[in-house]
Amino acid sequence: MSRDTADSSRRRVLAAAALAPLLPALGALGGCASAPLSPIEAKETTDPSALALFNDCAAAHGLPAWRRVKDLNVSYTGEWRALIGRIQPELTDTRFRGSSQERLLPAEGLIAQTHVGPSGHKQVVRRMGQDAGTGDVQVWYNGRPTTDEPLRHASALVADGYRLFLLGPLALVDRPHVMKLAGLEQVGDYACERLMVRLAPGLGFSPVEQLVLCIDRRTRLMRRVRFTLEGLESTRGAVAEVDVSDFQNIQGVEWPTRFQERLRKPIPHLPVHDFQLTGLDINRGWSAADITGSQFAGVAKTAAKALPGSNPVLS
């Protein structure tokens, strides 16, 4: 057995041990909790009213300006809740995920992330899938590549998830999907319309995902996204959601800067991760070659420009 495989097996055993005391409570909760979303079947077609709402939302987020973004540079910092690290060690990867720098090439479907945690440095290069493909991912820990499949799958899921949280509807334009309306939902002080989306391919290595976008009835900004987690074996059947807030308009795009993630299933409303966008700048002029190795190179290496009122990370 390889070291990667042994480490992965050990993490799954520890996660199962952490979850075992909660199983009776989970069963009770599951019996009374309302379904967080209802799946759209592959044979269904998009409702024109749903498409109109999606187009309004994309415009409110700044779609014309987004189409002018050639490269995007962002940074995050955040805090994991203790329980989720025990239940989902591969997904949270808390030893290596605290603050991060991310680089995106939208036209090429390329995302690269530098994570830093108490055990060192993690690098992820995610090539998104096209049409029915689920793409590829490369992962390095402290400069050494890993072949641990659960960690690779989790890293692809995280990269795609962060793109969705940051961009909202902009992450879904020009992607194959089916949409329909699903009533109203309150997100804090905001009355929202629910837009259900069947996304194929899904997040990470999932062939399909079910999403719900909660769209502000007044501003048309996305305030919450709910999503399945089919791209990782240990999370299949789970549902999570992220509330986004504190938008800043930078170069014509509305960027959320605060994110609160929680589970909806199997543990309803369990807090998972609170994080914030700490830096952002656009169109430096670097290429794919600068972000596809075990560390950033050239002008891509400089930390994202700090946002007002935040502390830069990985400077």
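Quick caveat, the model's predicted, so the values are computed rather than measured.

Cut-off values and rules
Residues numbered from 1 in each chain as written. Predicted model: local features only at pLDDT ≥ 70, side-chain atom pairs only at ≥ 80, totals over all residues. Heavy atoms only, no water. Helix = DSSP H or I, 4+ residues; strand = E, 2+ residues; numbered from the N terminus. Buried < 20%, exposed > 50% of the residue type's maximum accessible area, 1.4 Å probe, protein only. Polar contact = N/O pair within 3.5 Å; in protein donor to acceptor, adjacent residues only side chain to side chain. Phe/Tyr/Trp six-rings, centres within 6.5 Å; stacked < 30°, edge-to-face > 60°. Pairing = 2+ DSSP bridges. Core = buried A, V, L, I, M, F, W, Y, C linked by side-chain atoms within 4.5 Å. Contact = heavy atoms within 4.5 Å. Salt bridge = Lys/Arg side-chain N within 4 Å of Asp/Glu carboxyl O. Expected span 1.5 Å × (residues − 1). pLDDT = per-residue confidence, 0-100. Disulfide = S-S within 2.5 Å.

J.: Quick question: what am I supposed to make of the side chain of Thr-228 here?
T.: Its location among the elements puts Thr-228 in strand E10 (residues 222-228). The exposure class assigned to Thr-228 is buried, which follows from its relative accessible area of 8%. There is a polar contact of 2.7 Å between the side chain of Thr-228 and the side chain of Glu-209. Among the polar contacts made by the side chain of Thr-228, one reaches the main-chain amide nitrogen of Gln-210 at a distance of 3.1 Å.

J.: Explanation requested: the packing of aromatic side chains in the structure shown.
T.: Aromatic rings in a pair are described by how distant their centres are and how their planes are angled relative to each other. As enumerated under the stated definition, the model contains ten aromatic pairs in all. Between Phe-96 and Tyr-141, the ring centres sit 4.7 Å apart and the planes meet at 70 degrees, which makes this aromatic pair edge-to-face. Within this pair, whereas Phe-96 is found in the loop between helix H6 (89-92) and strand E2 (99-105), its partner Tyr-141 is found in strand E5 (residues 136-141), the two being separated by 45 residues in sequence. Here the two residues Phe-96 and Tyr-141 agree in accessibility, since each one is buried. Arranged with centres 4.8 Å apart and planes meeting at 5 degrees, the rings of Phe-259 and Phe-275 form a pair that is stacked. A residue pair is termed long-range when its members are at least 10 positions apart, and Phe-259 in strand E14 (residues 258-265) and Phe-275 in strand E15 (residues 270-282) qualify at 16 residues.

J.: How do you make sense of unusual backbone geometry when you look at a structure like this?
T.: Outside of glycine, negative phi angles account for most residues, and trans bonds account for most peptide bonds. At the junction of Ala-200 and Pro-201, the peptide bond is cis and its omega measures out at 0 degrees in the coordinates. Positionally, Pro-201 belongs in the loop between strand E8 (190-199) and strand E9 (209-216). Residues Lys-265 and Pro-266 are joined by a peptide bond in cis, for which omega reads 10 degrees. For Pro-266, the position within the fold is in the loop between E14 and E15. Notably, Asp-93 is not glycine yet its phi reads approximately 45 degrees, a positive angle. Here Asp-93 is to be found in the loop between H6 and E2. Using a relative accessible area of 5% as the deciding quantity, one classes Asp-93 as buried.

J.: I'm lost on the environment of Val-74 in this one. Help?
T.: For Val-74, the location among the structural elements is in strand E1 (residues 72-80). Look at Val-74 and you get buried, because its relative accessible area is 0%.

J.: Would you mind going over the pairing of E8 with me for this structure?
T.: The side chains of a regular strand alternate, first on one face of the sheet and then on the other. With seven of its ten residues buried, E8 lies for the most part within the structure. Alignment of strand E7 (residues 177-187) against E8, held across nine bridges, turns out to be antiparallel. Residue pairing across strands places Leu-181 opposite Leu-195, the latter belonging to E8. Counted between consecutive antiparallel strands, the loop separating E7 from E8 contains two residues, among which Gly-188 sits at a positive phi close to 60 degrees. Relative to E9, E8 runs antiparallel, the two being bridged by eight bridges. Its bridge partner lying in E9, Cys-192 is registered against Asp-216.

J.: Is there a simple way to think about the nonpolar core in this case?
T.: Membership of the largest hydrophobic core comes to 64 residues, with the highest contact counts inside it found for Leu-72 and Trp-255. Broken down by element, the residue count for this core peaks at nine residues, all from helix H7 (residues 149-167). Setting aside residues up to four positions removed in sequence, Leu-72 forms contacts with Trp-66, Glu-102, Arg-103, Leu-104, Leu-166, Trp-255, Leu-280, Asp-281, Ile-282 and Trp-286. Listed in part, the nine residues of the second largest apolar core include Leu-105, Trp-140, Ile-291 and Phe-296.

J.: What is the right way to read the pattern of salt bridges from this model?
T.: Two side chains with opposite charge may pair up if their charged atoms get near one another. According to the stated counting rule, one finds 22 salt bridges in the structure shown. Across the pair Arg-217 and Glu-193 runs a salt bridge, and its minimum N-O distance is 4.0 Å. Of this pair, Arg-217 sits in the loop between E9 and E10 while Glu-193 sits in strand E8, and the two are 24 residues apart along the sequence. Residue class for Glu-193 comes out buried when judged on its relative accessible area of 17%.

J.: How do you make sense of helix H3 (residues 48-61) when you look at a structure like this?
T.: Residue pairs three or four apart in sequence face the same way in an α-helix, which turns once every 3.6 residues. For H3, which comprises 14 residues, the first-to-last C-alpha distance of 20 Å matches the rise-based estimate of 20 Å (1.5 Å per residue) to within 8%. Regarding H3, its N-cap is Asp-47, as a side-chain oxygen of that residue lies 2.9 Å from the backbone nitrogen of Ser-49 further along. A positive backbone phi angle near 100 degrees is found at Gly-62, which sits one or two residues after H3.

J.: Is there a simple way to think about the confidence of the model for the protein in this case?
T.: The predicted coordinates ought not to be read in detail in places where the model reports low pLDDT. Residues at a pLDDT of 70 or more form 85% of the protein, whose mean pLDDT is 87. In this model residues 5-35 is a low-confidence stretch, pLDDT under 50, and it forms 24 contacts with partners more than four residues away in sequence or in other chains.

J.: Can you walk me through the state of the cysteines in this structure?
T.: Here a disulfide denotes a covalent bond joining the sulfur atom of one cysteine to the sulfur atom of another. Using the criterion set out here, one finds zero disulfides in the structure. Cys-214 carries a free sulfur, and the closest cysteine sulfur to it, the one in Cys-192, is 5.7 Å from it.

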